[in-house]
Amino acid sequence: MSEMMKDKFWSIIDNRKDELIKLVSDLIKIPSENPTGNVEEITKFISGYLNESKIQYDIIRSKEEFPNIVAKLGNDNGKTIILNGHADVVPVGDLNKWNFEPFSGEITDTQILGRGTSDMKAGLAGIIFATRILAEENAKLNGKIILHIVPDEETGGDFGTKWLLDNGYSYDADACLVAEPTSNSNVEVGQKGSTWFKIKSYGKSAHGSIGNYVGENAITKLMKILSEIEKFTEIKGIYDENQQKVLADSKTIAKRALKAEGVENVIDHVAVNIGTITGGIKTNMVPDYCEATIDIRIPIGVSGSDIEKKFNEIIEKLNIENIEYEFNWNSEANYTDVDNDIVRAAVNNAENVWGSEVLPAYQWASSDARYYRYNNIPTIQYGPANTEGIHSYNENVDIEDVVNSTKIYLGILTDLLEIE
Ligand SMILES: [Zn+2]
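Residues numbered from 1 in each chain as written. Predicted model: local features only at pLDDT ≥ 70, side-chain atom pairs only at ≥ 80, totals over all residues. Heavy atoms only, no water.

Caption draft 1: Structural context of the pairing of strand S10 (residues 289-298). Counting buried residues along S10, seven of its 10 residues qualify, which places the element largely inside the surrounding structure. Alignment of strand S8 (residues 193-202) against S10, held across 10 bridges, turns out to be antiparallel. Its bridge partner being in S10, Thr195 is matched across the sheet by Ile296. One ladder, built from eight bridges, connects strand S9 (residues 271-279) with S10; its direction is antiparallel. Opposite Ala271, over in S10, you have Arg297 as the bridge partner. (Buried < 20%, exposed > 50% of the residue type's maximum accessible area, 1.4 Å probe, protein only. Helix = DSSP H or I, 4+ residues; strand = E, 2+ residues; numbered from the N terminus. Pairing = 2+ DSSP bridges.)

Caption draft 2: Geometry of the coordination of the zinc ion. Bound to the zinc ion on the protein side are His86 (NE2), Asp119 (OD), Glu180 (OE) and Glu180 (OE), at distances that span 1.9 to 2.6 Å. Coordination geometry of the zinc ion: the four donor atoms subtend angles of 54 to 148° at the metal centre, consistent with an arrangement described as irregular. Ordering the donors of the zinc ion by residue number gives the pattern H-x32-D-x60-E. Here Glu180 lies in the loop between strand S6 (175-178) and strand S7 (186-191) and Asp119 lies in helix H4 (residues 117-136), a separation of 61 residues in the sequence. (Donors = N, O, S within 2.8 Å, 3.2 Å for Na, K, Ca; no water. Tetrahedral: all angles 85-135°; square planar, octahedral: opposite > 155°, others 65-115°.)

Caption draft 3: Quick look at H4. Here H4 lies mainly inside the structure; 19 of its 20 residues are buried. Looking one or two residues past H4, Asn138 carries a phi angle of roughly 50°, positive in sign.

Caption draft 4: Expanded view of a nonpolar patch on the surface. Taken together, the side chains of Ile210, Tyr213 and Val214 define a hydrophobic patch exposed on the protein surface, amounting to about 340 Å² of accessible area. Within the secondary structure, Tyr213 sits in the loop between S8 and helix H6 (218-229). (Patch = residues over 30% accessible without salt bridge, like charges linked within 9 Å, V, L, I, M, F, W, Y side chains within 5 Å. Areas by Shrake-Rupley, 256 points an atom, 1.4 Å probe, with all protein chains shown as cover. Salt bridge = Lys/Arg side-chain N within 4 Å of Asp/Glu carboxyl O.)

Caption draft 5: Just the sheet that holds strand S11 (residues 323-331), in detail. Taken in spatial order, the four strands make up an open sheet running S9-S10-S8-S11, and their pairing is antiparallel. Where the open sheet ends on each side, the last strands, each with one partner, are S9 and S11. Sheet twist, expressed as the average angle between the axes of neighbouring strands with direction ignored, equals 15°. Relative to the sheet, helix H8 (residues 304-318) contacts S8, S10 and S11, its axis offset from that of S11 by approximately 165°. (Axes fitted to C-alpha atoms, helices over the stretch in contact; angles between N-to-C directions. Contact = heavy atoms within 4.5 Å.)

The structure is reproduced here in structure tokens:
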């Protein structure tokens, strides 16, 4: 029965494709750059669209400038599926590097162009449009859909997804789908954790000519610590039996996507980026201060405290004094079991729509998916994207990917909410 429903929904999408594409384009035309972030206009637009679609919603402000939209379709008897999308986009940056106007929402024969097409207004349009079709068709849902449309994913989610889940809007959901960009042939089922940390090194100033004997050089001290931290990349994640195939597939995917020698190790090893360093005043002075900031990404099976412990061992071993450091934990690594219903439904529907193999995979980056996983909600990420423009210039998305992703969303909902 549900297969018949899917065929019906999918042909509705084919027939109303122009409407879906226009929705993506309309969303692109409303700038919602974050920072500096003003999402009032786009929130108003989406609210209007939900009104038109006869979908109930509330606007919930975690802070005056951060409106979240929480919409609901269905009933309380059965499963609860959350669909998540963010309305903010990263800034356009240098306008001269764009080959088109970033907020024109231009539609070509095969693509939609503009800031936020791939990340993630196309995915956002897909989940809203899929919900609208179910509302208009009066589909009998065995449960409900909750839309979480959030304002601040690009700056960490503290006033969006995280806030909603901390403040009673998790609905004890059975599953969550985040419509963030992936490739067509992967369903994201896990992400690395991350921390940013800062080390400050203090020394004693002296004349540069006698610096090897007198004074204390804050820069050379920090260099010793940094070269030890670079060795963290040897730390490997830990994966159980069930995760081995996903791990192997993820490495193959990373190698294919990133095309660099050894890059597949990014999936199951710690990654270290020494991002900034500042110190010293003048060439002929022994520097008495230096600081560095470091981005560390942690694979599944390694925790933040493992990294902290390792760092303390280094400091002890080097016997270095007069340094200060602070860890700024963003997230722990997280994953959803590949046997979970939502993973199976996503893979099956994506394979049906695309007619080719689709694999669950772990990612090297992170998104709001982590907050649902911390709340024990099985979560996947799947969404239309051309990765080269994301957080860069000339962002675009293929129309075919938008249409097919929306079909896949409807297929997943039809399966999980047993729509017949
Ligand atoms: Zn995003």
